[in-house]
Amino acid sequence: MEATMANQNPSGAIDGHSDWPELPLQAWQETYATLHMWTQIVGKIRLVLTPWTNHSWHVVLYLTAAGLTTSPIPYRSRTFQIDFDFIEHQLVIRTNDGTMQAIPLRPCPVADFYQDIFAALRTLNIEVAIRKKPNEVARPIPFDRDFEHAAYDPEYAHRCWRVLTQADRVFKTFRARYIGKCSPVHFFWGAFDLAVTRFSGRPAPEHPGGVPNLPDWVVREAYSHEVCSCGFWPGNDAVPFPAFYAYAYPEPKGFPEARVQPDYAFYSRELKEFILPYSEVRKADSPDRELLAFLQSTYEAAADLGHWDRASLERNMPGPEPTFPVS
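The rules we used
- Each residue is numbered by its place in its chain's sequence as written, counting from 1.
- With the structure being a predicted model, the display of local features is reserved for residues of pLDDT at least 70 and the display and counting of side-chain atom pairs for 80 or more, all residues being used for whole-chain, interface and lining totals.
- Where side-chain values are given, they derive from all heavy atoms of the structure, hydrogens and water being excluded.
- At least two DSSP bridges between two strands are required for those strands to pair.
- In this description a helix means any DSSP run of H or I spanning at least four residues, a strand means any run of E spanning at least two, and both kinds are numbered starting from the N terminus.
- To define axes, lines are fitted to C-alpha atoms, for helices over the stretch in contact only, and angles between the resulting N-to-C directions are given on a 0 to 180 degree scale.
- Contacts between residues were defined by any pair of non-hydrogen atoms, one from each residue, lying within 4.5 Å.
- Note that the term roughly parallel is reserved for angles under 35 degrees, roughly antiparallel for angles over 145, roughly perpendicular for angles of 65 to 115, and oblique for everything else.
- Crossing handedness is defined as follows: a turn of the near helix away from the far one that is anticlockwise and smaller than a right angle gives a left-handed crossing, while the clockwise case is right-handed.
- Any residue that is not Ala, Val, Leu, Ile, Met, Phe, Trp, Tyr, Cys, Pro, Asp, Glu, Lys or Arg is counted as polar, Gly included; the first ten are nonpolar and the last four charged.
- Salt bridges are defined by distance alone: a side-chain nitrogen of Lys or Arg within 4 Å of a carboxyl oxygen of Asp or Glu.
- For every residue, the accessible area obtained with a 1.4 Å probe (protein chains only) is divided by the maximum for its type, and the residue is called buried under 20%, exposed over 50%, and partly exposed between those limits.
- The quantity known as pLDDT measures the predictor's confidence residue by residue, on a range of 0 to 100.
- Cavities and pockets were defined on a 1 Å grid built over protein atoms only: a cavity is a set of grid points that admits a 1.4 Å probe from which the probe cannot escape, a pocket is an open set flanked by protein on both sides within 12 Å along at least five of seven lines, and lining residues are those with an atom within 4 Å of any such point.
- Grid points are joined across faces, edges and corners, and a volume is the space filled by probe spheres set on the points.
- Pairing of aromatic side chains here covers Phe, Tyr and the six-membered ring of Trp, requires ring centres within 6.5 Å, and sorts the geometry by plane angle: under 30 degrees stacked, over 60 edge-to-face, intermediate tilted.
- Geometrically, a charge over a ring is one whose NZ (Lys) or CZ (Arg) sits within 6 Å of the ring centre while staying within 35 degrees of the ring normal.

## Here's the deal with the sheet that holds strand β10 (residues 243-249)
Line of reasoning, step 1. Ordered in space as β7-β8-β9-β10-β12-β11, the six strands form an open sheet in which the pairing is antiparallel. Each edge of the open sheet carries a strand with a single partner, namely β7 (186-188) and β11 (266-268). With direction set aside, neighbouring strand axes in the sheet form an average angle of 35°.
Line of reasoning, step 2. Examined bridge by bridge, β10 and strand β12 (residues 273-277) share four bridges and lie antiparallel to one another. Across the sheet, the residue bridging to Phe 244 is Leu 276, located in β12.
Line of reasoning, step 3. Sheet strands in contact with helix α4 (residues 154-175) are β7, β8 (193-203), β9 (225-233) and β10, and its direction is about 20° off that of β8.

## Regarding the packing of helix α2 (residues 25-49) against helix α3 (residues 110-123)
Line of reasoning, step 1. In the contact formed by α2 and α3, the axes pass within 10 Å of each other and the chain directions differ by 30°. As judged from the angle between their axes, α2 and α3 are roughly parallel. Seen from above, α2 lies across α3 with right-handed handedness. From α2, Thr 34, Met 37, Trp 38, Ile 41, Val 42 and Ile 45 reach across to α3, where they touch Val 110, Phe 113, Tyr 114, Ile 117, Phe 118 and Leu 121.
Line of reasoning, step 2. When grouped by side-chain class, the residues that make up the contact of α2 with α3 number 11 nonpolar, one polar and no charged.

## Description of the pattern of salt bridges
Line of reasoning, step 1. Counting across every chain of the model gives 15 salt bridges.
Line of reasoning, step 2. Between Arg 78 and Asp 97 there is a salt bridge, with its nearest N and O atoms 3.2 Å apart. Remark: Asp 97 occurs in the loop between β5 (90-95) and β6 (100-104) and Arg 78 occurs in strand β4 (residues 78-85); sequence separation between them is 19 residues.
Line of reasoning, step 3. The exposure class assigned to Arg 78 is buried, which follows from its relative accessible area of 19%.
Line of reasoning, step 4. A relative accessible area of 45% places Asp 97 in the partly exposed class.
Line of reasoning, step 5. The closest approach of N and O atoms between Asp 288 and Arg 169, which form a salt bridge, is 2.5 Å. Linking Asp 288 in helix α7 (residues 287-305) with Arg 169 in helix α4, this pair joins segments that are 119 residues apart in sequence.
Line of reasoning, step 6. Residues participating in the shared-partner salt-bridge network are Glu 300, Asp 304, Arg 310 and Glu 314.

## A word on the pairing of β9
Line of reasoning, step 1. Burial of β9 is extensive: eight of the nine residues sit out of reach of the surface.
Line of reasoning, step 2. One ladder, built from seven bridges, connects β8 with β9; its direction is antiparallel. Counted as the bridge partner of Val 196 is Cys 230 from β9.

## What about the confidence of the model for the chain?
Line of reasoning, step 1. Mean pLDDT for the chain: 93, with 92% of residues reaching 70 or above.
Line of reasoning, step 2. Contacts from residues 1-9, a stretch scored under 50 in pLDDT, to residues over four places away or in other chains number 19 contacts.
Line of reasoning, step 3. Segment residues 322-327 is flagged for pLDDT under 50; beyond a separation of four residues in sequence, or across chains, it makes six contacts in the model.

## Quick word on empty space enclosed by the protein
Line of reasoning, step 1. The full count for this structure, using the stated rule, is one cavity of 30 Å³ or more.
Line of reasoning, step 2. Lining the largest cavity are Leu 35, Leu 68, Phe 86, Ala 157, Cys 160, Trp 161, Leu 164 and Phe 192.
Line of reasoning, step 3. At four residues, α4 tops the list of elements feeding residues into the lining of the largest cavity.
Line of reasoning, step 4. The residue inventory of the lining of the largest cavity, partitioned by class, reads eight nonpolar, no polar and no charged.

## Topic: the packing of aromatic side chains
The description of an aromatic ring pair uses the distance of the two centres, along with the angle that the planes make with each other.
Line of reasoning, step 1. Applying the stated criterion across every chain yields a total of 25 aromatic pairs.
Line of reasoning, step 2. Geometrically, the ring pair formed by Tyr 75 and Phe 80 is edge-to-face, given 6.5 Å between the ring centres and 80° between the ring planes. Of the two residues, Tyr 75 and Phe 80, neither departs from the other in class, the shared state being buried.
Line of reasoning, step 3. A centroid spacing of 5.1 Å and a plane angle of 70° characterise the contact between Tyr 267 and Phe 274, whose relative ring orientation is edge-to-face. As far as burial versus exposure is concerned, Tyr 267 and Phe 274 are alike and both buried.
Line of reasoning, step 4. The cationic tip of Arg 159 hangs over the ring face of Tyr 156; the distance from NZ or CZ to the ring centre is 4.6 Å.
Line of reasoning, step 5. Just above the ring of Phe 174 sits the side chain of Arg 198; from NZ or CZ to the centre is 3.7 Å.

If you want it as structure tokens, here you go:
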């Protein structure tokens, strides 16, 4: 079914901008579930070998011109990097001494992918062990025993990456408007979402935790200070379609009732987040403008209702994005 849809519509451009392809959750849900576990395996390799950074920023992946990357990972006196390539459909491990291993991305169980990647690392003389239980999923299956998730549709993996590249580009424009503490734009493999987070600079009340299969102390460290966060994810049971989201922690009084842009954005009381359906953004005359309006208006609602010191946190420059004089 997935392959048939992909062949009929290779660009994913029906009723929308070709640069913002269709990504209906139902069409690639099995591939999405498998790819989620694959990214968790790669992300956990980075996690165990990288010094801890505040808010777990040391575990994330980043967008590249072909897929996702760990960025350089230190290993003793060496460095290596793991890249998902969604153009050539392979996982590539490169070291700073010029060696590499490539694993084709193809339909195969998570357990086989797990064995393949650690065999490739051993070939490169890299010995590492990770916790095999997935994070942030309701029914975790240890990676080396997961024969349930085994789908890979290259067309939809490629589409998802293309959507992420568009979101990454717009999020970086939004991020550049802020001079307070702000995260990079990065991909969290726990929830399979691309995110960027602004901080007020003030401590936050202790987070209650309760994220599935994630230690409460990790969640509490991540939300140790007041934040307004936004991102993109392909959907889940609560929101069964790809969407942009925005939330504040702690959520200020009146935030759920705030008027945000565009008009079709809505507040989910179940998730405690504003939701902007991706399908509407891609059909807009200017998806960039539509998404930036959502990011800016939800931030302003959180910052104004939460009494952030906006004057000291924002770059006061004209125009839709920062411009700098040429020296």
